[in-house]
Amino acid sequence: MPASIALVAHDAQKDLMVAWAQDHASVLSQFRIVATGTTGQRLTDQAHLSVERLLSGPKGGDAQLGAMIAEGKLDALFFFIDPMSAMPHDVDVKSLLRLAILYDTPLAVNRSSATAVLAALPQNG
Ligand SMILES: O=C(CO)COP(=O)(O)O
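Cut-offs applied
- Residues numbered from 1 in each chain as written.
- Predicted model: local features only at pLDDT ≥ 70, side-chain atom pairs only at ≥ 80, totals over all residues.
- Heavy atoms only, no water.
- UniProt positions renumbered as here; feature names shortened; annotations may be inferred.
- Core = buried A, V, L, I, M, F, W, Y, C linked by side-chain atoms within 4.5 Å.
- Buried < 20%, exposed > 50% of the residue type's maximum accessible area, 1.4 Å probe, protein only.
- Helix = DSSP H or I, 4+ residues; strand = E, 2+ residues; numbered from the N terminus.
- Contact = heavy atoms within 4.5 Å.
- Salt bridge = Lys/Arg side-chain N within 4 Å of Asp/Glu carboxyl O.
- Near = heavy atom within 4 Å.
- Polar contact = N/O pair within 3.5 Å; in protein donor to acceptor, adjacent residues only side chain to side chain.
- Areas by Shrake-Rupley, 256 points an atom, 1.4 Å probe, with all protein chains shown as cover.

The name given to the chain in an unreviewed UniProt entry is Methylglyoxal synthase, and the organism recorded there is Yoonia phaeophyticola. Regarding the chain, the UniProt comment filed under Sequence similarities (unreviewed entry) reads as follows: "Belongs to the methylglyoxal synthase family."

Enquirer: I would appreciate a short explanation of the nonpolar core in the present structure.
Expert: The biggest cluster of nonpolar side chains holds 23 residues, and the ones touching the most others in it are Ile5, Trp20, Leu28, Leu43, Phe78 and Leu121. Taken together, the elements giving at least two residues each to this core come down to strand S1 (4-9), helix H1 (14-23), strand S2 (32-35), strand S4 (76-80) and helix H6 (111-120). Every residue in contact with Leu28, bar those within four places of it in the chain, is listed here: Ile5, Trp20, Ala21, Ile33, Leu49 and Leu118.

Enquirer: Got a minute to help me understand the pattern of salt bridges in this structure?
Expert: Where charged atoms of side chains with opposite charge meet at close range, the side chains can pair. All told, the structure shown has five salt bridges when counted by the stated rule. Residues Arg42 and Asp15 are paired through a salt bridge, measuring 2.7 Å at the closest nitrogen-oxygen approach. With Arg42 in helix H3 (residues 37-46) and Asp15 in helix H1, this pair connects stretches of sequence that are 27 residues apart. Across the pair Glu71 and Lys73 runs a salt bridge whose closest N-O atoms are separated by 3.1 Å.

Enquirer: Can you walk me through the UniProt feature "active site" (unreviewed entry) in the chain in this structure?
Expert: When the UniProt feature table is mapped to this numbering, "active site" (unreviewed entry) covers Asp62. Residues within four places of Asp62 in sequence aside, it is in contact with Val8, Thr36, Gly57, Phe79, His89, Asp92, Val93 and Leu96.

Enquirer: Help me out: how do you make sense of the side chain of Gln13 in this one?
Expert: For Gln13, the position within the fold is in the loop between S1 and H1. Judged by relative accessible area, which is 14%, Gln13 ranks as buried.

Enquirer: Even after reading the chapter, I still don't get the site of the ligand, so can you show me in this structure?
Expert: In the neighbourhood of the ligand, 16 residues make up the surrounding shell, with Lys14, Thr36, Thr39, Ser56 and Asp62 lying closest. In the model, an oxygen atom of the ligand is placed 2.6 Å from a nitrogen or oxygen of the Thr36 side chain. Asp62 is positioned such that a nitrogen or oxygen atom in its side chain is 2.5 Å from an oxygen atom of the ligand. Relative to its free-state accessible area of 300 Å², the ligand is covered by the protein chains to the extent of 97%. Where the shell around the ligand is concerned, the elements lending two or more residues are S1 and H3. Top element by residues in the shell around the ligand is H3. It accounts for three residues.

Enquirer: Just checking my understanding: could you explain unusual backbone geometry for this structure?
Expert: For residues besides glycine, phi is generally negative; the peptide bonds are generally trans as well. In this structure, His48 takes a positive phi of about 55° despite not being glycine. With respect to the secondary-structure elements, His48 resides in the loop between H3 and strand S3 (51-53). His48 sits in the exposed class, given a relative accessible area of 67%. With phi around 55°, Asp104 is a residue other than glycine that occupies positive phi space.

See below:
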């Protein structure tokens, strides 16, 4: 079974994540990809990846990913956070990050760390 990875981007970072995903589409396609709602739609439409879409982040998608981490169902989190804006769902963002730290989940928060984490993940399993 392929490893499960999550891709999430705040609105101001979605173009960056889509471009990064397009650049790495062949590697990414070897994983089971889950994503919050709007990010997942963009990745499906513009990077042509097969993505399981959760709820939109502010409507519970971040919490769903946190639950996946706590249940051992997520092998890496790629979370392109907007560094310039306050989020109404900041508590959910912090909770997701906290759980990724707590469970020692590989975590990438920008393009360079995403490329490094992706390269470090075991492929085909
Ligand atoms: O808000 C998000 C993460 O905190 C992302 O959610 P969307 O992918 O639904 O925009």
